[in-house]
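Coordinates in review
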Amino acid sequence: MVGTAAELIEVTVLSLYVSGMATILGSAIGIPLGALIGLKEFGGKGAIKTITYTLYGFPPVLSGLFIYFIFSRAGPLGDLGILFTPTAMILAETLLVIPLVTGITITSVVEVDKAIKDTVKALGATPKQSVLTVMREAWVGLVMACMVGFGRVIAEVGAAYLVGGNIDGRTRVLTTSIMLETRMGNFEWAIALGIVLLTVALVVFFFMRLLQEREML
Amino acid sequence: MKKTTMMIAAIVAVALIVGAAVGYLLLKEDEPQTLKLATTTSTYDSGLLDYILPVFEEENDCTIDVIAVGSGAAMELGKNGDVDVLLVHSPAAEIAFVADGYGESRDLVMYNNFVIVGPSEDPIGTASASNTSNAFKMIYDNGTAGDAVFISRADNSGTHTKELSIWATLGFNKTEVAAFPESWYIQSGAAMGAVLDMAEEMNAYTLSDDATYYQRVSEDLVPHLNITYSGDSALFNQYSVIPVNSTLWTHVNHTLALAFAGWLVSQDGQDLIASYEKYGMQLFFPNAEGYVPSTESLAGVQVFSEVCVSAPTTRSGT
């Protein structure tokens, strides 16, 4: 139970840590992947796009189960002993971020590419320069991709509960606390924690929006 | 310059996250040794573990990581070597678990009571049932006649297992129960508290552990529900402690798991369990082998073992 201010801070910090790391990792993989799929011409592109968009609906519990089977002591990487640690949670959440970031990146770069391709070519840009220009122009969409990814994982409970275990002081995050308080019938506490979660999201999204609009100084 | 601004913003964002990470790691420094305990939601949510575990942690200079899931899931974690010790309530499955070599031993620790909960006016009269089996017969007969609704956990939890064992006394096996018509037999797949909330909304009967029911009552969430049948020994809910087999999984914290199991069934551990009160009453009744209640507060609580099916006496709450 999240009873004291210290516990609340700990749970909030861990939520930020897990969601933040998952967003960074997922974006580090998803943005290049999305740019590659969006800008490069290759066979089967339509199918890959469809699969990426389908994975928007990837069930979090399934992602959790997948990570569980890999990192369980009975699984292939069990010796690492990372099950029930924030690391396992980050990995499960990262799996959820990747398709979202990839898909939104594809859409953003394709739109920009369409609009400026000819101009860039006419100005005599090398392929590398032109990709960089497209990415820069797609900035708003790329930040959007990260925001959507962060939004998904900060609010996610299924995977976090399964591979984290909701251990007090170790893997308890805001969403698993909300679930626990609800299960225990402390509905008011659950709502209060929900408000904390939304406040945290508000702060994060405020900065991300500034980043998106390049207003940050 | 725009680029510089962007860089600064990105650095600030990364710094915030790294800061949170470092802060988190600093908080986690100097960990004493840990014991991973997989248990059921009832022991955790009732507050019992928060009451008894700190005493063990203090005495042994260790931390206990509690993973509160259903009994089925807890045993799965034990089977895969992901936890060190189990505290669960699903006797038949536990015996198989030990027999299959996943658990090292199984010791009875305590029991609490299941109760049949239903609409306050008890329209089908389960209060007059001669025993648990008879009360379920009433629910079945009235259910099929369209006069009662029953909500099942239907989630392989200890409570669900107990429910199935009662249906078994009426000759229904697991498959037959799962095939009961939805018109009166609702298979929720939800946690106990949520099922009680559902029963409140739907004017339905259900099987609940008493702690979760009292907790719902204390929050005033189930004003139209009442305990309509209780007290039969068939409704005892037995908890056992099982250290995970250390031959099968060499990495488990075997020493600490054994110490914990030993402590739970010791005089100190048992007395501590007996002294836990919530909602003005004792919720868990220690019954380790050879345990004799040593405090006056336990007068009237009957010690039973699984083979002995004596009727329980009234609870000893103050």
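**Focus on the overall build of chain B**
Summing up its helical and strand segments, chain B has twelve helices and twelve strands in all. Burial statistics for chain B: of 318 residues in total, 43% are counted as buried. Intrachain contacts of chain B at a sequence separation of at least 6 include 73% that bridge at least 24 residues.

**Comments concerning the overall build of chain A**
A tally of helices and strands in chain A yields nine helices and zero strands. Counting from the amino terminus, chain A carries its helices and strands in the arrangement α-α-α-α-α-α-α-α-α. Overall size of chain A, expressed as C-alpha extent along the three principal axes, is 65 × 45 × 25 Å. Within chain A, the fraction of its 217 residues that count as buried is 47%. Taking all contacts inside chain A whose residues are at least 6 apart in sequence as the whole, residues at least 24 apart take part in 76%.

**Concerning the domain arrangement of chain B**
Residues and elements named next belong to chain B. Split into domains, chain B comes out as domain 1 (33-111 + 238-298) and domain 2 (113-235). On a C-alpha basis, the centroid separation for the pair domain 1 and domain 2 is 27 Å. Taken together, the contacts link 13 residues of domain 1 with twelve residues of domain 2. Among the elements of the structure, helix H2 (41-45) and helix H4 (71-79) are those that each provide at least two residues to the side of domain 1 that touches domain 2. Of the residues in the side of domain 1 that touches domain 2, the class split is four nonpolar, nine polar and no charged.

**Focus: the environment of Val110(A)**
Among the secondary structure elements, Val110(A) is positioned in helix H4 (residues 86-122). Residue class for Val110(A) comes out partly exposed when judged on the 19 C-beta atoms lying within 10 Å of it.

**Describing the interface of chain B and chain A**
Contacts between the two partners involve 30 residues from chain B, matched on the other side by 27 residues from chain A. Where the side of chain B that touches chain A is concerned, the elements lending two or more residues are helix H1 (2-27), H2, strand S2 (62-69) and helix H10 (210-218) of chain B. Looking at the side of chain B that touches chain A element by element, the count peaks at twelve residues for H1(B). Here the side of chain B that touches chain A is composed, by residue class, of 15 nonpolar, eight polar and seven charged.

**Some remarks on helix H9 (residues 187-212) of chain A**
All names here are of chain A. For H9, with 26 residues, the first-to-last C-alpha span of 36 Å sits near the 38 Å given by 1.5 Å per residue. Listing the buried residues of H9 in full gives Leu-193, Leu-197, Ala-201, Val-204, Met-208 and Leu-211. Looking at the residues trailing H9, positive phi occurs at Arg-214, about 50°.

**Focus on the nonpolar core**
One finds Ala88(A), Val163(A), Leu37(B), Ile67(B), Val85(B), Leu86(B) and Val109(B) to be the most contacted residues of the largest nonpolar core, which totals 103 residues. With 15 residues, H4(A) is the largest single contributor of residues to this core. Not counting the four nearest positions on each side in its chain, Val85(B) is found in contact with Leu35(B), Leu37(B), Val241(B), Ile242(B), Pro243(B), Val244(B), Ala257(B), Phe260(B) and Ala261(B).

**A look at unusual backbone geometry**
Despite not being glycine, Phe84(A) has its phi angle at roughly 65°, a positive value. Secondary-structure assignment places Phe84(A) in the loop between helix H3 (60-71) and H4. One non-glycine residue, Asn203(B), lies in positive phi territory at about 55°. Tracing the sequence through the fold places Asn203(B) in the loop between helix H9 (192-202) and strand S7 (205-209).

**Re the confidence of the model for chain A**
Reading fine detail from the predicted coordinates is not recommended where pLDDT is low. Mean pLDDT over chain A works out to 92, with 97% of the residues at or above the 70 mark. Mean pLDDT across the elements of chain A bottoms out in helix H5 (residues 127-137) of chain A (88) and peaks in helix H6 (residues 139-154) of chain A (96).

**A closer look at the packing of helix H11 (residues 254-265) of chain B against helix H12 (residues 267-274) of chain B**
All names here are of chain B. It is the contact of H11 with H12, at a shortest axis distance of 4 Å, that shows an interaxial angle of 60°. When the axis of H11 is compared with that of H12, the two are oblique. Of the residues in H12, those in contact with Trp-263, Leu-264 and Val-265 of H11 are Asp-268, Gly-269 and Gln-270. Residue composition of the contact of H11 with H12, grouped by class: three nonpolar, two polar and one charged.

**Some remarks on the pairing of strand S3 (residues 85-88) of chain B**
Residues and elements named next belong to chain B. Along S3, one buried face is formed by Val-85 and Leu-87 and the opposite face, lined by Leu-86 and Val-88, is buried too. Inspection of the sheet shows strand S1 (residues 33-40) paired to S3 by three bridges, in the parallel sense. When the sheet's bridge partners are listed, Ala-38 is paired in S3 with Leu-86. Inspection of the sheet shows S3 paired to strand S9 (residues 236-243) by four bridges, in the antiparallel sense. The residue bridging Val-85 from the neighbouring strand is Pro-243, located in S9.

Reading guide: rules and limits
- Residues numbered from 1 in each chain as written.
- Chains lettered and ligands numbered in written order.
- Predicted model: local features only at pLDDT ≥ 70, side-chain atom pairs only at ≥ 80, totals over all residues.
- Helix = DSSP H or I, 4+ residues; strand = E, 2+ residues; numbered from the N terminus.
- Buried ≥ 20, exposed ≤ 12 C-beta atoms within 10 Å, placed from the backbone.
- Contact = placed C-beta atoms within 7 Å.
- Domains from an automatic or database assignment.
- Nonpolar A, V, L, I, M, F, W, Y, C, P; charged D, E, K, R; others polar.
- Expected span 1.5 Å × (residues − 1).
- Core = buried A, V, L, I, M, F, W, Y, C linked by C-beta atoms within 7 Å.
- pLDDT = per-residue confidence, 0-100.
- Axes fitted to C-alpha atoms, helices over the stretch in contact; angles between N-to-C directions.
- Parallel < 35°, antiparallel > 145°, perpendicular 65-115°, else oblique.
- Pairing = 2+ DSSP bridges.

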